[in-house]
Amino acid sequence: MAEVQKGLEGVVVADTITSLVNGVEGKLIYGGYKIEDLAENALFEEVVYLLWNGRLPNTTELEELRSAIAREAVLDENLITTLEGFPKDANPMAVLESAVAALAFYDGESEDLSVEAARRKAVRLTGQITTICAAWDRIRKEQAPVAPRADLTLAQNFVYMLSGEEPDKTASDAINVYLVLLAEHGMNASTFTSRVVTGTGADIHSAVVAAIAALKGPSHGGANSAAMKMFLEIEDPANVEQWFQDNIKSGKRRIMGIGHRVYKALDPRADILRKHAQALAESSGNTRWFEIADKLADTALSDEYFIERKLYPNVDYFSAIVLYTLKLDVDMFTPLFAMSRVAGWSAHIIEQIQNNRLIRPKANYVGPQDLEWKPASER
Ligand SMILES: CC(C)(COP(=O)(O)OP(=O)(O)OC[C@H]1O[C@@H](n2cnc3c(N)ncnc32)[C@H](O)[C@@H]1OP(=O)(O)O)[C@@H](O)C(=O)NCCC(=O)NCCS
């Protein structure tokens, strides 16, 4: 019997030019560029272009992509009406799954499976997912959704559509960094899901819906909301030690936002986000949540259990503090992850279409054989 690689650990399933995740040294590269340089300098749209084209855009190409995403971010009125009919307490990730599935109804190219159509649909999906996230947050608060503006970047548009006011620079710059950092990450669970669906010949909307579903879980994108709930539960930096003893040392729970399948060193994105979280917390005048997160990370990093297993904060740990300080609702954190990761999903979907073969692994059958059939009345 073939040996099972539980969780497909170490299994290589594709060649890609999107990103390199070096888990041993804690390095991340998108299309040849260090994540540190991109986080410092790049507009999210520049990263999107890089992931979809394998090179950075010039000024004209960047402006074309920025304006196309902004223009295409408008939602069909019928979709807004559908969103208004959803229960106001619905999980925003479930709303996003449903809304993205419905986007296909209003996309004239939804069943065109060519690479060219996938590229055009990727532009639309990138803009529309942002609009859905902002619109849903307003609709559930009984506020009218705000349409995207053609002159803004995606990060600015999100802040604008959420508040209905001229986008604040600090907030939109922080959202831009967040989007850049989360855009792509190798063969993670949601990206693999999107490739599996694409491998069957299904369309990009279906692949992205499936990816959103995979992202929802707390072992993947759901960890950012779960991390924030944990910080809120701890309540005060003075409670960290006791909380760690009661919940983590006792083996009852895991620290959300810590540990990674690939990184056995500090996730470089966590380092960048920590600095942003600290700066935002200090300028907001409330450092409590940052202090809790930092103290808990220090406690874990000096604990034998975490040291032995090489468990470090991942991207979701300090991003929770960044998003909370920007006053986003905790259950909106994972939809924001999707807003960014749609760039990486689309890049992988396009690569998969260009070099496709049905993804179909095997399982070892370990059940009984040669059982004798008996009718239900005799069982
Ligand atoms: C990310 C994650 C799912 C990776 O899982 P994985 O590669 O399958 O690793 P495992 O679940 O096999 O964990 C390896 C060991 O570390 C421990 N561990 C992993 N993450 C841990 C955490 N956050 N807190 C405490 N212990 C943890 C496991 O209990 C296991 O210990 P064991 O060898 O004694 O059984 C896991 O680290 C986790 O659950 N982290 C919290 C959720 C999270 O932040 N997810 C976002 C990832 S970007």
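Our structure is the block above this text.
In what follows, the accompanying structure is described. (Residues numbered from 1 in each chain as written. Predicted model: local features only at pLDDT ≥ 70, side-chain atom pairs only at ≥ 80, totals over all residues. Heavy atoms only, no water.)

**A short note on the pattern of salt bridges**
Reasoning step 1: This structure, assessed with the given rule, holds 21 salt bridges.
Reasoning step 2: We note a salt bridge from Lys249 to Asp303, for which the minimum N-O separation is 2.9 Å. Residue Lys249 is found in helix 12 (residues 240-249), and its partner Asp303 is found in the loop between helix 14 (288-301) and helix 15 (304-308); the two are separated by 54 residues along the sequence.
Reasoning step 3: Using a relative accessible area of 42% as the deciding quantity, one classes Lys249 as partly exposed.
Reasoning step 4: Under the relative-accessibility criterion, Asp303 is labelled buried at 10%.
Reasoning step 5: For Asp294, the salt bridge goes to Arg274, with nearest N and O atoms at 2.8 Å. Highlighted residues: Asp294 in helix 14 and Arg274 in helix 13 (residues 268-284), separated in sequence by 20 residues.
Reasoning step 6: Among the charged side chains, a salt-bridge network with shared partners connects Asp137, Arg140, Lys141, Asp329 and Asp331. (Salt bridge = Lys/Arg side-chain N within 4 Å of Asp/Glu carboxyl O. Helix = DSSP H or I, 4+ residues; strand = E, 2+ residues; numbered from the N terminus. Buried < 20%, exposed > 50% of the residue type's maximum accessible area, 1.4 Å probe, protein only.)

**What to know about the side chain of Thr131**
Reasoning step 1: Relative to the helices and strands, Thr131 is located in helix 6 (residues 115-139).
Reasoning step 2: By relative accessible area, which is 4% here, Thr131 ends up buried.
Reasoning step 3: Residues within four places of Thr131 in sequence aside, it is in contact with Ala73, Leu75, Pro148 and Met161. (Contact = heavy atoms within 4.5 Å.)

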